Amino acid sequence: MTLKITWDQASARRLERQFLSTPAEPGTPVADVVGAMLAAHAQVLSAAEVSVGMRAAGTTRADVRAALSEDSDDDSDSAGGSGGSGGSLVKTHGPRGTVHLHAARDLPLWCAALPAVPSGRSPFPPAVRVTEEQAGQIVAAIGDALEGVCLTVEELGEEVVARTGPWAGDPVMPAFQDLWPRWRQVMHRAGQSGALCFGPNRGRKVTYTRPPHFDPLPPREAVRELVRRYLRAYGPSTPAYLAKWLAAPGGWATGLFGELSEAGEIEEVSFEGAPAWVASGDTTFPDGPVRGVRLLPYFDAYGIAAQPRELLFPGAAYRRALAGGQAGNYPVLLVDGVVAGVWHQRRQGRRTTVTVEPLGPLTPRQERELGEQVERVGEVLEARAELVIGEVTAGAHA
């Protein structure tokens with residue numbers, strides 16, 4: 001008989017495994033928390049710090065930065081931020097080509113699996129694109145140029161052009177009302193393959209370096225292991241949801257699930273009346289729904305990966321907390337495992353004002369828990385937090 005899983009059961013298990021129902025105990029290594037999340041989105045570094053800190057009792061932004069590198073001392077909220085290659089965390093490109101914090105010990109998995117995921121059609125016109133051969137040359141040049149040094153993007157560009165040819169430096173790539181050199185369109189592939197990671201900032205400038213050398217797993221083995229870990233963290237799930245999480249072709253994900261199912265590595269269940277899959281043998285779920293209030297920042301891993309989205313963002317939350325159906329553009333208020341509002345924090349010196357916009361009434365218990373969550377946000381950011389209940393006027397994060 002097919003196991004039947006409800007949303008409440010799946011939600012409760014996901015939150016438990018994400019350290020969101022019960023935070024990790026004080027002293028838990030930051031890399032363990034990031035590993036459980038399957039990487040922490042770090043396009044906005046302060047958001048990554050909150051993502052990790054809200055999952056680990058006593059952890060602050062200083063702990064996250066120390067795990068990145070002893071040299072990290074940046075306060076930037078830009079896509080750069082602090083980084084490094086000597087700690088238990090590495091900041092580099094992850095799923096969907098976006099910047100993430102990874103547990104350094106997981107790089108052999110990520111840097112074998114992600115390059116093996118087929119990419120979609122290039123968004124650039126033919127005159128701008130690079131061929132696969134050229135992409136390979138660029139990635140190799142990046143890795144060679146960053147060996148043992150930290151370079152700004154301008155310095156790295158000079159080294160790439162010197163190693164490949166003037167074509168790589170042609171300013172043809174539209175970006176932020178400017179034109180970037182051709183080589184930058186595959187920069188994320190260098191990060192995904194282990195040729196590049198973020199280094200410590202040089203003043204206000206981001207630098208890049210190469211992570212410590214490692215032996216990547218065989219690509220096929222790495223992809224299968226990544227799917228199993230994804231299902232343990234966010235299952236039950238489907239090929240379509242995996243494809244969305246990885247920005248991969250749906251047909252490829254369907255074929256992969258078929259292979260894993262035939263090999264007995266995943267098994268089918270009924271999730272809210274529809275077919276879904278879990279890792280084989282991983283069929284224990286809590287009996288009841290999760291209770292409690294949580295604040296999740298921009299692009300939190302849970303809000304992006306947990307599906308189906310219409311159940312995580314029910315009713316008014318789907319309209320208020322998503323941007324065109326895309327998760328992550330708004331920090332969200334979770335109440336009993338579903339999105340029930342949005343929030344925003346504005347820092348001034350050592351104080352931060354946290355404005356929360358609930359989409360419905362809160363019970364006295366939930367109001368008390370919300371106050372505790374706001375206080376915790378302040379602790380993570382090493383600031384004194386003040387709670388304001390009201391409309392969030394900040395727009396979606398680009």
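Remember, it's a predicted structure, so these values are computed and weren't measured experimentally. (Residues numbered from 1 in each chain as written. Predicted model: local features only at pLDDT ≥ 70, side-chain atom pairs only at ≥ 80, totals over all residues. Heavy atoms only, no water.)

Digging into helix H11 (residues 250-262)
For the record, the criterion: Runs of H or I in DSSP of at least four residues are treated as helices and runs of E of at least two as strands, each being numbered from the N terminus. One fewer than the residue count of a helix, multiplied by 1.5 Å, yields its expected span. The cut-offs for exposure are 20% and 50% of the maximum accessible area for each residue type, with area from a 1.4 Å probe on protein chains only; residues under the lower value are buried, those over the upper are exposed, and the others partly exposed. Within this analysis, the arc is defined by the directions that extend from the helix axis to the C-beta atoms.
For H11, spanning 13 residues, the distance from its first C-alpha to its last is 19 Å, which sits close to the expected 18 Å at 1.5 Å a residue. Ala 253, Leu 256, Phe 257 and Leu 260 are the residues of H11 that are buried. Around the axis of H11, the buried residues are gathered within 100° of arc, so they sit on the same side. Opposite the buried face of H11, by more than 90 degrees, sit the exposed residues Gly 251 and Glu 262.

Observations regarding the sheet that holds strand E4 (residues 99-103)
To be explicit about the condition: Two strands pair under a simple rule: DSSP has to find at least two bridges between them. Contact criterion: two residues are considered in contact whenever any of their non-hydrogen atoms come within 4.5 Å of each other. Throughout, an axis means a line fitted to C-alpha atoms (over the contacting stretch in the case of helices), and angles, computed between N-to-C directions, take values from 0 to 180 degrees.
Here we have three strands laid out as an open sheet, ordered E2-E4-E3, and antiparallel in their pairing. A strand with exactly one partner marks an edge of an open sheet, and here the two such strands are strand E2 (40-41) and strand E3 (89-93). Relative to E4, E2 is paired through two bridges, and the arrangement is antiparallel. Paired with Ala 40 across the bridge in E4 is Leu 101. Strand contacts of helix H2 (residues 30-37): E2, E3 and E4, with the helix running at about 120° to E4, the strand carrying the most contacts.

Remarks on the packing of aromatic side chains
To keep it simple, the criterion reads: Side-chain rings of Phe, Tyr and Trp, where Trp is taken by its six-membered ring, are said to pair if the distance between their centres is within 6.5 Å; with planes under 30 degrees apart they count as stacked, over 60 as edge-to-face, and otherwise as tilted. Lysine and arginine charges are scored as sitting over a ring when NZ or CZ, respectively, is within 6 Å of the ring centre and within 35 degrees of the ring normal.
A full pass over the atoms with the stated rule returns six aromatic pairs. Their ring planes at 55° and their centres at 6.3 Å tell us that Trp 110 and Trp 245 sit as a pair that is tilted. One end of the pair, Trp 110, is in helix H5 (residues 107-116); the other, Trp 245, is in helix H10 (residues 239-246), with 135 residues separating them in the sequence. When its relative accessible area of 6% is taken as the criterion, Trp 245 is described as buried. Ring centres of Tyr 230 and Tyr 234 lie 6.1 Å apart, and the angle between their planes is 45°; on these two criteria the pair is classed as tilted. Within this pair, Tyr 230 and its partner Tyr 234 are both found in helix H9 (residues 219-234), separated by four residues, close to a single helical turn. An identical accessibility class is assigned to Tyr 230 and Tyr 234; each is buried. In textbook terms, an aromatic cluster arises when at least three aromatic residues are bridged by ring pairs, as seen for Trp 110, Tyr 230, Tyr 234 and Trp 245. The ring of Phe 198 carries Lys 91 above its face, with NZ or CZ at 4.7 Å from the centroid.

Quick look at the nonpolar core
Put simply, the rule is: Here, nonpolar core means buried Ala, Val, Leu, Ile, Met, Phe, Trp, Tyr and Cys residues that are tied together by side-chain atoms lying within 4.5 Å of each other.
Within the largest apolar cluster, 69 residues are counted, with the highest numbers of intra-cluster contacts made by Leu 89, Ile 142, Leu 156, Trp 183, Leu 242 and Trp 245. Beyond its immediate chain neighbours, meaning those up to four positions away, Leu 242 contacts Val 227, Tyr 230, Ser 237, Ala 253, Leu 256 and Phe 257. If you look at the next biggest cluster of nonpolar residues, it comprises 33 residues, including Leu 296, Tyr 298, Leu 322 and Tyr 330.

Focus: the packing of H5 against H9
Cut-off, in case you're wondering: The labels follow the angle: roughly parallel below 35 degrees, roughly antiparallel above 145, roughly perpendicular from 65 to 115, and oblique for the rest. All amino acids are sorted into three groups, where Ala, Val, Leu, Ile, Met, Phe, Trp, Tyr, Cys and Pro are nonpolar, Asp, Glu, Lys and Arg are charged, and the leftover types, Gly among them, are polar.
One can describe the packing of H5 onto H9 by two numbers: an axis separation of 8 Å at closest approach and a directional angle of 100°. The angle between H5 and H9 falls in the class roughly perpendicular. On H9, the residues touching Leu 109, Trp 110, Ala 112, Ala 113 and Ala 116 of H5 are Pro 219, Ala 222, Val 223, Glu 225, Leu 226 and Arg 229. Residue composition of the contact of H5 with H9, grouped by class: nine nonpolar, no polar and two charged.

Let's talk about the confidence of the model for the chain
Short version of the rule: Note: pLDDT gives the predictor's confidence per residue, expressed from 0 to 100.
Per-residue pLDDT for the chain has a mean of 94; in total, 95% of the residues score no lower than 70. Confidence drops under pLDDT 50 across residues 71-81; counting only partners more than four residues distant or on other chains, this segment forms 32 contacts.

Let's talk about the side chain of Arg 14
As a reminder of what qualifies: When charges are counted, Lys and Arg are positive and Asp and Glu negative, with His and the chain ends excluded. What counts as a salt bridge is simple: a side-chain nitrogen of Lys or Arg found within 4 Å of a carboxyl oxygen of Asp or Glu.
With respect to the helices and strands, the residue Arg 14 is situated in helix H1 (residues 7-17). Glu 272 is the oppositely charged side chain nearest to the buried, salt-bridge-free Arg 14, at an N-O distance of 9.7 Å. Among residues more than four places away in sequence, those in contact with Arg 14 are Trp 7, Ala 233, Tyr 234, Gly 235, Pro 236, Phe 271, Tyr 302, Ala 306 and Gln 307.

Regarding the pairing of strand E12 (residues 332-335)
Burial of the side chains of E12 extends over both faces: Val 332 and Leu 334 are buried on one face and Leu 333 and Val 335 on the other. With four bridges connecting them, strand E11 (residues 293-296) and E12 associate as antiparallel partners. Directly across from Leu 296, in E12, lies its bridge partner Val 332. When E12 meets strand E13 (residues 338-348), the two strands line up antiparallel, connected through four bridges. Residue pairing in the sheet places Leu 333 in a bridge with Gly 341 of E13. Hairpin connection of E12 to E13: two residues between the antiparallel strands, including Asp 336 at a positive phi of 50°.

Some words on the pattern of salt bridges
Scanning the model with the defined rule gives 25 salt bridges in all. A salt bridge links Arg 229 to Asp 106; the shortest N-O distance between them is 3.3 Å. Of this pair, Arg 229 sits in helix H9 while Asp 106 sits in the loop between E4 and H5, and the two are 123 residues apart along the sequence. Judged by its relative accessible area of 10%, Asp 106 falls in the buried class. The salt bridge partner of Glu 225 is Arg 229, with a shortest N-O separation of 2.9 Å. Here Glu 225 pairs with Arg 229, and both are found in helix H9, just four residues apart, close to one helical turn.

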